[in-house]
Amino acid sequence: MSQPLPLEGITVVAVEQAVSAPFATRQLADLGARVIKVERTDGGDFARGYDTEAGGLASHFVWCNRGKQSLAVDLKDPRGLEAVRRLIAKADVFVQNLAQGAAARLGLDAATLCAAHPRLVAVDISGYGAFGPYAQKRAYDMLVQCEAGLVSVTGTAEQPVKAGIPAADVAAAMYAFSGVLAALVRRGTTGRGGPVEISMLESLAEWMGHPLHHGMHGGGAPQRTGLAHAVIAPYDAYPTADGGQVLLSVQNDREWQRLAERVLGRPELATDPDFATNRARTANRGRTDAVVARALARLDSEDAVAALEEAGIACARLNTVADLAAHPQLEARDRWRDIATPAGPLRAMLPPITFPDGPEPGMGAIPALGEHTDALLREAGLTGEDIAELHREGIVTSDHEGGGRLG
């Protein structure tokens with residue numbers, strides 16, 4: 001028997017911007033929650049303006065904001081703030097990632113809201129946490145990548161580089177998402193919600209676990225090795241005859257023996273003391289990489305992958321973003337859907353969490369700024385006259401034509 005999506009009946013109010021909170025609440029929306037996105041009246045979430053590459057819309061915004069309702073309201077006006085507080089009073093979850101201290105000045109911090117509404121789960125997402133010497137420091141993704149040491153272990157020996165995705169934002173988003181789920185489970189047994197605190201620095205520091213423990217406990221900081229692995233060899237991408245690159249990973253000495261015999265054509269390397277163990281191969285990384293590179297350079301990418309897979313060696317093509325969009329595994333698993341947006345339908349991928357005994361995630365529309373303002377204000381108890389007055393005074397805005405549409 002088909003079950004409902006797990007968060008159906010849960011209402012989330014979010015005062016959010018950029019990536020960390022919006023991506024967290026999009027996960028909740030995908031799982032069936034109703035998400036009310038509170039935005040500024042003067043342009044809304046500033047991620048709406050990052051670019052115009054998604055059919056005229058911002059790619060970050062399309063990624064992080066499907067399936068939400070948009071309420072455009074000036075929270076600095078007491079009437080606008082009161083309307084949002086009324087919605088929060090009826091909600092199950094509240095999430096915010098305003099600049100440090102801004103939510104508290106509005107009375108929208110987790111501690112204040114949970115004291116007033118004991119069943120509410122309220123999440124504060126910040127760059128560095130609520131206190132400490134960095135609490136007031138500006139925290140954008142790349143800055144936190146630097147503070148967390150991620151940049152120091154990413155790149156080549158000559159040049160550190162940032163991650164190609166907003167890793168600090170995504171880490172914080174996913175811990176906020178799982179924190180909400182855990183708090184809702186606890187509420188189911190205790191009847192009480194409570195505050196949840198997430199910092200971008202602590203989230204990314206957790207993801208730095210391997211280099212952190214490697215460095216703290218005597219191994220020293222791992223060296224930047226490009227696509228190579230710092231402590232395993234061979235584990236790198238190698239050019240092929242057709243101009244592609246294939247990455248392979250040898251996880252143990254038995255795999256090295258198979259690689260040497262079946263792909264490299266050098267069975268003697270399986271027992272050569274300079275290559276027989278991972279410690280030796282890592283110490284002789286240049287020679288190890290050279291012998292692997294020579295073998296793969298004689299093959300095109302398809303033949304290299306076939307040979308490696310036949311030998312039981314883990315491998316992958318070094319794909320581009322375009323390759324990912326056309327990936328045969330995603331296509332075979334039917335992971336693409338069209339979502340409605342103000343610019344018409346756009347292709348998007350189903351979220352990774354799958355419930356085989358339930359319906360698909362909602363994959364709801366991308367809202368236009370203020371698309372749901374009037375309906376949400378009525379839900380908050382305002383009359384038509386009240387709403388008209390707020391419009392006249394510029395305290396709220398709305399898109400009466402609606403934003404999400406297919407075709």
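As the structure is a computational prediction, the values presented were derived from the model and not from experiment. (Residues numbered from 1 in each chain as written. Predicted model: local features only at pLDDT ≥ 70, side-chain atom pairs only at ≥ 80, totals over all residues. Heavy atoms only, no water.)

Caption draft 1: Structural view of the overall build of the protein chain. Tallying secondary structure elements over the protein chain gives 17 helices and 12 strands in all. Overall, the protein chain is about 85 × 50 × 45 Å in size when its C-alpha atoms are taken along their principal axes. The 407 residues of the protein chain split such that 45% are buried. By sequence separation, contacts in the protein chain at least 24 residues apart represent 68% of the contacts at least 6 residues apart. When the accessible surface of the protein chain is summed, it comes to about 20000 Å², and 54% of that surface belongs to carbon and sulfur atoms. Side chains of the protein chain give 39 positive and 50 negative charges; the mean places of these two sets differ by 4 Å. (Helix = DSSP H or I, 4+ residues; strand = E, 2+ residues; numbered from the N terminus. Buried < 20%, exposed > 50% of the residue type's maximum accessible area, 1.4 Å probe, protein only. Contact = heavy atoms within 4.5 Å. Areas by Shrake-Rupley, 256 points an atom, 1.4 Å probe, with all protein chains shown as cover. Lys, Arg positive; Asp, Glu negative; His and termini not counted. Charge placed at Lys NZ, Arg CZ, Asp CG, Glu CD.)

Caption draft 2: View of helix α10 (residues 253-262). Those residues of α10 that sit buried are Glu-255, Trp-256, Leu-259 and Ala-260. End-on view of α10: buried residues confined to an arc of 135°, all on one side of the axis. In α10, the exposed residues that point more than 90 degrees away from the buried face are Arg-254 and Arg-262. Its side-chain oxygen at 3.1 Å from the backbone nitrogen of Arg-254, Asn-252 defines the N-terminal cap of α10. (Arc of directions from axis to C-beta. Polar contact = N/O pair within 3.5 Å; in protein donor to acceptor, adjacent residues only side chain to side chain.)

Caption draft 3: Just the nonpolar core, in detail. Core analysis: the largest hydrophobic core is formed by 40 residues, its most contacted members being Val-12, Val-93, Val-95, Val-123 and Ile-125. Per element, the largest residue contribution to this core is 11 residues, and it comes from helix α7 (residues 167-190). If near-sequence neighbours (up to four positions away) are discounted, Val-95 is found in contact with Val-12, Val-13, Ala-14, Val-15, Ala-21, Thr-25, Val-123 and Ile-125. Counting residues in hydrophobic clusters, the runner-up holds 32 residues, among them Leu-87, Leu-382, Leu-390 and Ile-395. (Core = buried A, V, L, I, M, F, W, Y, C linked by side-chain atoms within 4.5 Å.)

Caption draft 4: Quick look at the sheet that holds strand β9 (residues 314-317). The strand order across the open sheet formed by three strands is β7-β8-β9, and the pairing between neighbours is antiparallel. Both edges of this open sheet fall to β7 (235-239) and β9, since each of them pairs with a single strand only. For this sheet the average axis-to-axis angle between neighbouring strands, irrespective of direction, equals 25°. Here four bridges tie strand β8 (residues 245-249) to β9, and the two strands are oriented antiparallel to one another. When the sheet's bridge partners are listed, Leu-247 is paired in β9 with Ala-316. In the packing of helix α12 (residues 285-296) onto the sheet, contacts are made with β7 and β8, and the angle to β7 comes to roughly 40°. Its contacts with the sheet place helix α13 (residues 301-310) against β8 and β9, and it is angled at close to 15° to β8. (Pairing = 2+ DSSP bridges. Axes fitted to C-alpha atoms, helices over the stretch in contact; angles between N-to-C directions.)

Caption draft 5: Looking closely at the packing of aromatic side chains. The final tally for this structure, using the stated rule, is four aromatic pairs. Judged by centre distance (5.4 Å) and plane angle (70°), the ring pair of Tyr-128 and Tyr-134 falls under edge-to-face. Under the relative-accessibility criterion, Tyr-134 is labelled partly exposed at 37%. With 6.2 Å between their ring centres and 15° between their planes, Trp-256 and Phe-275 make a pair best called stacked. Placement of the pair is Trp-256 in helix α10 and Phe-275 in the loop between α10 and α11 (278-283), with a sequence separation of 19 residues. The exposure classification of Trp-256 matches that of Phe-275, with both residues buried. In this arrangement the basic side chain of Arg-347 is found over the ring face of Trp-336, its NZ or CZ atom lying 4.0 Å from the centre. (Phe/Tyr/Trp six-rings, centres within 6.5 Å; stacked < 30°, edge-to-face > 60°. Lys NZ or Arg CZ within 6 Å of the ring centre and 35° of its normal.)

Caption draft 6: Here's a closer look at unusual backbone geometry. A cis geometry characterises the amide bond from Ala-233 onward to Pro-234, with omega recorded as -5°. Looking at the secondary structure, you find Pro-234 in the loop between α9 (209-219) and β7. At Asp-334, a position not held by glycine, the phi torsion is positive, near 55°. By the secondary structure assignment, Asp-334 is in the loop between α15 (328-332) and β10 (336-339). One non-glycine residue, Met-363, lies in the positive phi region at around 50°. One can find Met-363 in the loop between β11 (346-349) and α16 (373-379).

Caption draft 7: Representation of the packing of α7 against helix α8 (residues 200-207). Where α7 meets α8, the closest approach of the two axes is 8 Å, and the angle between their N-to-C directions is 95°. Judged by the angle between their axes, α7 and α8 are roughly perpendicular. Seen from α7, the contacting residues are Ala-167, Ala-168, Asp-169, Val-170, Ala-171, Ala-172 and Tyr-175; seen from α8, they are Met-200, Ser-203, Leu-204, Glu-206 and Trp-207. Its residues assigned to classes, the contact of α7 with α8 comprises nine nonpolar, one polar and two charged. (Parallel < 35°, antiparallel > 145°, perpendicular 65-115°, else oblique. Nonpolar A, V, L, I, M, F, W, Y, C, P; charged D, E, K, R; others polar.)

Caption draft 8: Summary view of the pairing of strand β5 (residues 121-126). Counting buried positions along β5 yields six of six residues, so the element is predominantly enclosed. Because side chains alternate across β5, one face comprises the buried residues Val-121, Val-123 and Ile-125, and the other comprises Ala-122, Asp-124 and Ser-126, equally buried. In this structure, strand β4 (residues 93-96) lies alongside β5, joined through four bridges in parallel fashion. In the strand pairing of β5, Val-95 is matched with Val-123.

Nothing here speaks to function; it is all geometry.
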